[in-house]
Amino acid sequence: MTFEVAEPRLSRFGTPDRSKFPEDVEALFADAEKKQGRVPNYLNSYAHNTETLKRLLTFYHSLWDPNGGTLTIQERELISVVVSHENGCGYCKANHRAGLAAALKDRELAHRIADDHHIIGFGPREQAIVDLSVKLTVNPSHVTDDDVLGLREHGFTDEQIVEVIEVASFFNYTNRLTIGIGTRPDEEFFGR
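Residues numbered from 1 in each chain as written. Predicted model: local features only at pLDDT ≥ 70, side-chain atom pairs only at ≥ 80, totals over all residues. Heavy atoms only, no water.

Focus on the environment of H85
In this fold, H85 is placed in helix α4 (residues 73-87). For H85 and R18, which are 67 residues apart along the polypeptide, the C-alpha to C-alpha distance reads 32 Å. The residues touching H85, leaving out its near neighbours within four places in the chain, are K93, A114, D115, D116, H117 and H118. (Helix = DSSP H or I, 4+ residues; strand = E, 2+ residues; numbered from the N terminus. Contact = heavy atoms within 4.5 Å.)

Comments concerning the packing of α4 against helix α7 (residues 124-138)
Between α4 and α7, the least distance of the axes is 9 Å, while the angle of their chain directions is 40°. When the axes of α4 and α7 are compared, the pair comes out oblique. Relative to α7, the crossing made by α4 is right-handed. Contact residues: E75, L78, I79, V82, V83, E86 and N87 in α4; R125, E126, I129, V130, S133, V134, T137 and V138 in α7. Residue composition of the contact of α4 with α7, by class: 8 nonpolar, 3 polar and 4 charged. (Axes fitted to C-alpha atoms, helices over the stretch in contact; angles between N-to-C directions. Parallel < 35°, antiparallel > 145°, perpendicular 65-115°, else oblique. Left-handed = near helix turned anticlockwise from the far one by under 90°. Nonpolar A, V, L, I, M, F, W, Y, C, P; charged D, E, K, R; others polar.)

So, the nonpolar core
Membership of the largest hydrophobic core comes to 42 residues, with the highest contact counts inside it found for F29, L53, L78, I79 and I113. For this core, the secondary-structure elements that each account for two or more residues are α1 (23-36), α2 (41-46), α3 (50-63), α4, α5 (90-104), α6 (107-116), α7 and α9 (158-181). Element by element, the count of residues in this core is highest for α9, at 8 residues. With near-sequence residues (within four places) excluded, L53 lies in contact with V25, L28, F29, L43, Y46 and A47. (Core = buried A, V, L, I, M, F, W, Y, C linked by side-chain atoms within 4.5 Å. Buried < 20%, exposed > 50% of the residue type's maximum accessible area, 1.4 Å probe, protein only.)

Points about α6
Those residues of α6 that sit buried are A110, H111, I113 and A114. Within α6, the buried residues cover an arc of 160° as seen down the axis, which keeps them to one side. Facing away from the buried side of α6, by more than 90 degrees, are the exposed residues E108 and D115. Where α6 starts, the residue carrying a side-chain oxygen 3.3 Å from the main-chain nitrogen of E108 turns out to be D106. (Arc of directions from axis to C-beta. Polar contact = N/O pair within 3.5 Å; in protein donor to acceptor, adjacent residues only side chain to side chain.)

Remarks on the side chain of T137
Tracing the chain through its elements places T137 in helix α7. Only 2.8 Å separates the side chain of T137 from the backbone oxygen of S133, close enough to count as a polar contact. Not counting chain neighbours up to four residues away, the residues in contact with T137 comprise V83, E86, N87, N172 and R176.

Some details on a nonpolar patch on the surface
Taken together, the side chains of M1, F3 and V5 define a hydrophobic patch exposed on the protein surface, amounting to about 510 Å² of accessible area. Here M1 lies in the segment before α1. Its relative accessible area of 93% is what places M1 among the exposed residues. (Patch = residues over 30% accessible without salt bridge, like charges linked within 9 Å, V, L, I, M, F, W, Y side chains within 5 Å. Areas by Shrake-Rupley, 256 points an atom, 1.4 Å probe, with all protein chains shown as cover. Salt bridge = Lys/Arg side-chain N within 4 Å of Asp/Glu carboxyl O.)

Quick look at the pattern of salt bridges
Here the structure, examined in full by the defined rule, presents 12 salt bridges. Its salt-bridge partner being K135, residue D147 comes within 3.1 Å of it at the nearest N-O pair. With D147 in helix α8 (residues 145-152) and K135 in helix α7, this residue pair connects regions lying 12 residues apart in the sequence. A relative accessible area of 25% places K135 in the partly exposed class. Through salt bridges that share partners, R18, E26 and E33 make up one connected network.

Listed below in structure tokens is the structure:
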């Protein structure tokens, strides 16, 4: 038995016309081609509005700066995968599942978390991160002082708690943008 599927498309908007890009956006594409040998689908799909692309990348790079922030890269990737799972964002889930695997140095655990984080036996600290991230995603108006207190009880500073909220909120934004644009996950995500 075979499955019939339509020809895959990059996004709902197709491939952008690079000849119309401003120099700074063309430089991003050239850099991606140099480093990765191709332009990732998210760059192509977001570039239909180059200002949107630049705003998103500025924020993303500040959150993922290895010398910045108060959370570990493992914690940031955990949040991104859990939020993306809850939102059903295939692109971000696949992309950050690979990032989580690299950060944890455990591909199987990253895949299990991405497939269904509800069945993972997280430690108390990680579970507190997951719980707040999920609540912010599925029912943000129900976040209470007790949620913040729960993180404090596991050793989080107020600065770290705000960063948990920030990373979860950022991924709620990017998930909705990516889903709305209809960005197809890159093929190499499925080999990692």
